[in-house]
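Structure assessment
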Amino acid sequence: MNCEASRATVLADRRMFAAIFDQEGTLKVDETVCSTFALLAWPQAVKRGLVSTQLIETVASDVNREALELSLAHLQEFQDPGMLQLAQSLPPNLTKLKLGLEGCHELTDQGVKALANRWGTKLKHLYLDFVGCGKLTDASLSVLAQNLPPTLTDLELHMAGCVLVGPPGMEHLKKHWPKSVKVFRASFKATKLNRNFMTLQDLEDYWRES
């Protein structure tokens with residue numbers, strides 16, 4: 001085994017250890033292990049229409065899980081009902097949520113609403129990629145804004161190619177903006193805004209100009 005492969009193996013082992021044991025090295029409850037495998041299986045379950053109540057409950061019951069990362073990019077099978085299932089699976093103690101949903105062209109505002117209503121009030125880090133989800137409108141940006149938790153410190157939002165999103169949605173974001181946010185990045189190219197925001201200062205400058 002070469003040096004790079006060894007490093008990769010060590011990193012994978014550390015991640016698995018972190019998923020199974022707490023900081024004192026005590027074995028966590030089995031829910032964490034089960035939910036990890038459930039999340040790994042989720043994309044294929046979506047593709048085959050096999051997201052079951054058991055799969056949802058396996059992730060939702062993991063009270064030890066603080067971070068959830070999942071990519072369902074370009075899965076045309078992932079639509080509003082699937083978003084509701086995903087929303088129902090969110091564990092209660094999440095502080096980090098990262099979802100890659102780019103290219104899920106059938107998603108609508110109703111799906112985004114289902115997600116935003118279920119992510120809880122403990123989030124510190126939120127990453128959402130809706131690039132190319134052309135059916136989303138300002139209503140999606142509005143409901144996202146209304147549900148941003150007061151604990152949030154980092155927000156990354158990508159809606160490039162969402163051609164129905166524009167200034168009204170950004171006004172809702174301004175109205176409901178949590179003062180706790182310190183890091184912000186967003187892409188709105190090929191929308192009615194047609195601009196990106198690399199920093200929080202960029203966003204504040206836009207609000208002053210508009």
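Residues numbered from 1 in each chain as written. Predicted model: local features only at pLDDT ≥ 70, side-chain atom pairs only at ≥ 80, totals over all residues. Heavy atoms only, no water.

What follows covers the pairing of strand 3 (residues 125-129). Where strand 2 (residues 96-100) and strand 3 come together, five bridges link them in parallel fashion. Looking across to strand 3, one finds that leucine 97 is bridged to leucine 126. Traced from strand 2 through helix 5 (residues 109-116) to strand 3, the parallel crossover comes out right-handed. Of the strand pairs in this sheet, strand 3 and strand 4 (residues 154-158) are connected by five bridges, and their pairing is parallel. Bridge assignment links leucine 126 to a residue of strand 4, and that residue is leucine 155. Note on the crossover from strand 3 through helix 6 (residues 138-146) to strand 4: the handedness is right-handed. (Pairing = 2+ DSSP bridges. Helix = DSSP H or I, 4+ residues; strand = E, 2+ residues; numbered from the N terminus. Right-handed = clockwise from strand over helix to strand, strands pointing away.)

Below, the discussion takes up unusual backbone geometry. Positive phi is not limited to glycine here, since alanine 190 has a value of about 60°. Along the chain, the position of alanine 190 falls in the loop between strand 5 (183-187) and strand 6 (196-197). On the basis of relative accessible area, alanine 190 is assigned to the partly exposed category, the value being 46%. (Buried < 20%, exposed > 50% of the residue type's maximum accessible area, 1.4 Å probe, protein only.)

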